[in-house]
Each structure stands twice: as C-alpha cells, then as structure tokens.
Amino acid sequence: MTDATNDDGPATSLQADATTSGRPVLTQRRGHEFSRILGFGAARGDHTVPNDDLIGPIDSSDEWIRQRTGIVTRKRAGADVDAVDLAQAAALEAIATAGIAPEQIGVVLVSTVTHTVATPSMASLLAERIGATPAAAYDISAACAGYAYGIAQADSFVKSGIADHVLVVGAEKLSDVVDPTDRSISFLLGDGAGAAIVGPSDFPGIGPTIWGSDGSKWDAIGMTATYNEWAAGAPRPTMRQAGQTVFRWAVWEMVKVAREALEAAGVRPDQLAAFVPHQANIRIIDEFAKQLGIPDTVMIARDITTTGNTSAASIPLATHRLLEEHPDLSGGLALQIGFGAGLVFGAQVVVLP
C-alpha cells in the first residue's frame, strides 16, 4: 500500500492494487495530522434589552434576574432579521480573520434550533450566501451543545481528509420562540451567531471531545407544544424549561464532563488561559469554576451578562469577546463545554487562534 504522509498540504489518497481475493481495495483519503481553529466571527442582535423591559409580564424585578442569572441586558434582533442573517455576518468575519477564501471551505455546519423552516437547512442557504458552494452543508440540532458538536465533527473532517477547511456556526434567534409571560426561561434568551473556521495545523489544536446525551431528561428543556398540536389549535410553541432539574444536572453532571475533557487533553486547570462554558446562568458558571479548581489566572467567559443565553451561539460569541478584549489570550488553551436540551453535552480543550 502506498504510504504518503501529509501534515501541512492538501489531503492525499491511499490505494492498494488488490486483495488476495482479487477484489479491488477502496481508495482511502488521508487528511492532516492536526487541526485547529483559525479564526472567529460574531454577530449579535442589534437591540439591547434591559431587565426592566421584561419584568412586567413575569411579575419580577431587575434585582431578581441579576441575582439568579447574572444578566443585566440581552441582545435581540429585530423582526426583519433571521438567524441566518446573523450567521452570515459571523461567518464572513470568521473567514476574513482566518485568512482564507470562501471557496476553500469544504463543509458548512450550522448548529441551530431556530431556523425558520424545518427543511431545507440553514447551512445550505448560508453556504450559498457566503460563496462556499458547493461545500457540503447541514444543520446540527444539539441546542446549547451544538457548537461543541460542530467543532468535534470539523476536527474529524480535517484529519480524515473530508475537507481542508470547515465553517462551524452557532446561530440562534431565540426571541422568536419566547413567551414573555414564562418565568422559567423567557428572560434568559438572546439572539446572536458565532462562527469559527477549523483548518489544518502543524500542532494539536483541538483536544479529544467528550460528548453524549441523557434522554431520561428529554423533557427538561423544550417546546410547549408539537407542530401537530399547534395545527390542531394549541398556542404557538415556545421555549420552556424545568429550571431546577437543568440547574442540578448542569452543576453536578457537567463538571464531570469538563474534568474528562481536561484529562483527555492532558491539561491541568492551571494550564488553561480561558474557561468558556455555555452561557446559561452566571451561578452555573461560577459553580463550575469553583468545582474545577479554576485559578484566578484563568479568564472565565461571562458574556451572558450583556448578551443573554444564545444557545448554540453562546460559546463562540463568548470566545470572540474574550479574544477581542484580551488579545494576549491568543495561543493559549481554552476549555469549552456546551450543554442543553436533549439533554446533550459536549466539551473539548482548544488552542485559541
């Protein structure tokens, strides 16, 4: 069998002439030895919504929301803006930051739960809009873990030779699925998109992914009705959650996943430059950091304070902001973990571009 290594150039192919049975051996592609994130992009809703604008329908207060969630304001998009519009803006910035051309993208992955139609995918529309056609394109429905799922797949695509460059986007317009009277989740949600380009590297830039699901808590976060129930006369489906169930699961179970991701990457907490958990709730973030033993030298993403919970977009948005405000983090290690509806989770350590 031909043996051609290729760590830095385009993916190559390997093929044997035949097996002992005379049957031809299928050609196999060999990709790059390592991958890394080459650049980020971000887009947030253009409206800043303070707590005072939301407290009336839920009979609450600014103080209550700040204490329970850490949110002071959240970003939301106008009626004329869809999630794909946010995805496009974030993707174009990521492409420019990575220093590649759109036609170099081999796969477009969009993590979202707020596309305006069930099919076709947001990813295929986004690929057309940014000039990445004919890249393979599909959506990932993994809620708040969707971006981590996308990074895991992009890493494997680059290493296997499926693509040299992969665009991973988390894009949500959660204000479209908000019931302003729902005290469980309505005041948490914001709109935005975060994007990353994953490409070849001459060093390991993405650690092993720890991911999974817990379907026994399938109904802990979700919609208030199915499409069929809506068609039969039920109110329009909106988001809701069993807050205490989700909080306990996130604090106690997801810390274990974060530890596994650190161990799999061979990294100690004090070797991190940044910790970027899903921006679900400031109390969850702070408890995570405490249980993991994150030292004061590590920057902890708290983008939720002014952006809100943007589901699949929250990790790339928070990372983009950290790099924008602290460019010295470039080249450092970041532990990222997403978790949400499903319930699903995913975590990995990455090198910051």
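Here the structure is a predicted model, which means the values were calculated and not measured. (Residues numbered from 1 in each chain as written. Predicted model: local features only at pLDDT ≥ 70, side-chain atom pairs only at ≥ 80, totals over all residues. Heavy atoms only, no water.)

A short note on the overall build of the protein chain
Then, in step 1: When its secondary structure is counted, the protein chain shows 9 helices and 16 strands.
Then, in step 2: A compact globule built from 353 residues would reach a C-alpha radius of gyration of about 20 Å, and the protein chain, at 21 Å, matches this within 12%.
Then, in step 3: The C-alpha extent of the protein chain, read off along each of the three principal axes, is 75 × 50 × 40 Å.
Then, in step 4: Each of the 353 residues in the protein chain was classed as buried or not, and the buried ones make up 53%.
Then, in step 5: Sequence-distant contacts, at least 24 apart, represent 74% of the contacts inside the protein chain between residues at least 6 apart.
Then, in step 6: Split by element, the accessible area of the protein chain, about 15100 Å² in all, is 52% carbon and sulfur.
Then, in step 7: Measuring between centres, the 25 positive side-chain charges of the protein chain sit 5 Å from its 40 negative side-chain charges. (Helix = DSSP H or I, 4+ residues; strand = E, 2+ residues; numbered from the N terminus. Rg over C-alpha atoms; globule rule 2.2 N^0.38 Å. Buried < 20%, exposed > 50% of the residue type's maximum accessible area, 1.4 Å probe, protein only. Contact = heavy atoms within 4.5 Å. Areas by Shrake-Rupley, 256 points an atom, 1.4 Å probe, with all protein chains shown as cover. Lys, Arg positive; Asp, Glu negative; His and termini not counted. Charge placed at Lys NZ, Arg CZ, Asp CG, Glu CD.)

Quick word on the sheet that holds strand β10 (residues 210–213)
Then, in step 1: Reading across from one edge, β10-β16-β15-β13-β14 is the order of the 5 strands in this open sheet, with mixed pairing throughout. Taken across any chain shown, the strands that pair with only one partner, and hence form the sheet edges, are β10 and β14 (299–300).
Then, in step 2: Two strands pair when backbone bridges link them, and β10 and strand β16 (residues 344–351) are joined in this way by 4 bridges, in the antiparallel orientation. By the bridge assignment for β16, Trp 211 is matched with Gly 346.
Then, in step 3: Strands β13 (274–277), β14 and β15 (333–340) of the sheet are contacted by helix α9 (residues 314–325), whose axis makes an angle of about 150° with β13. (Pairing = 2+ DSSP bridges. Axes fitted to C-alpha atoms, helices over the stretch in contact; angles between N-to-C directions.)

Some remarks on the packing of helix α2 (residues 83–98) against helix α3 (residues 122–130)
Then, in step 1: Packing of α2 against α3 leaves a shortest axis separation of 10 Å and a crossing angle of 50°. Classified by the interaxial angle, the pair formed by α2 and α3 is oblique. At the point where α2 passes α3, the crossing takes the right-handed sense. Where α2 approaches α3, its residues Ala 83, Val 84, Asp 85, Ala 87, Gln 88, Ala 91, Leu 92 and Ile 95 are matched on the opposing element by Met 122, Leu 125, Leu 126, Arg 129 and Ile 130.
Then, in step 2: Here the contact of α2 with α3 is built from residues that sort into 10 nonpolar, 1 polar and 2 charged. (Parallel < 35°, antiparallel > 145°, perpendicular 65-115°, else oblique. Left-handed = near helix turned anticlockwise from the far one by under 90°. Nonpolar A, V, L, I, M, F, W, Y, C, P; charged D, E, K, R; others polar.)

Here we look at the packing of aromatic side chains
Then, in step 1: One pass over the structure, following the stated rule, counts 5 aromatic pairs.
Then, in step 2: Their ring planes at 70° and their centres at 6.4 Å tell us that Trp 249 and Phe 339 sit as a pair that is edge-to-face. Separated by 90 residues along the polypeptide, Trp 249 in helix α6 (residues 243–265) and Phe 339 in strand β15 bring together distant segments of the chain.
Then, in step 3: Through successive ring pairs, a cluster of aromatic residues spans Trp 249, Phe 275, Phe 288 and Phe 339. (Phe/Tyr/Trp six-rings, centres within 6.5 Å; stacked < 30°, edge-to-face > 60°.)

What about the sheet that holds strand β9 (residues 191–201)?
Then, in step 1: One open sheet holds the 5 strands; their spatial order is β3-β9-β8-β6-β7, and the pairing between them is mixed. Strand pairing shows two members of the sheet lacking a second neighbour, β3 (34–44) and β7 (136–140), which therefore form its edges. The mean angle between the axes of side-by-side strands here comes to 15°, regardless of whether they run parallel or antiparallel.
Then, in step 2: Summarising the sheet, strand β6 (residues 107–111) and strand β8 (residues 166–173) pair through 5 bridges and their orientation is parallel. Among the inter-strand pairings, Val 110 is bridged to a residue of β8, identified as Val 169.
Then, in step 3: Across the sheet, α2 lies against β3, β8 and β9, angled at about 135° from β3, the strand it touches most.

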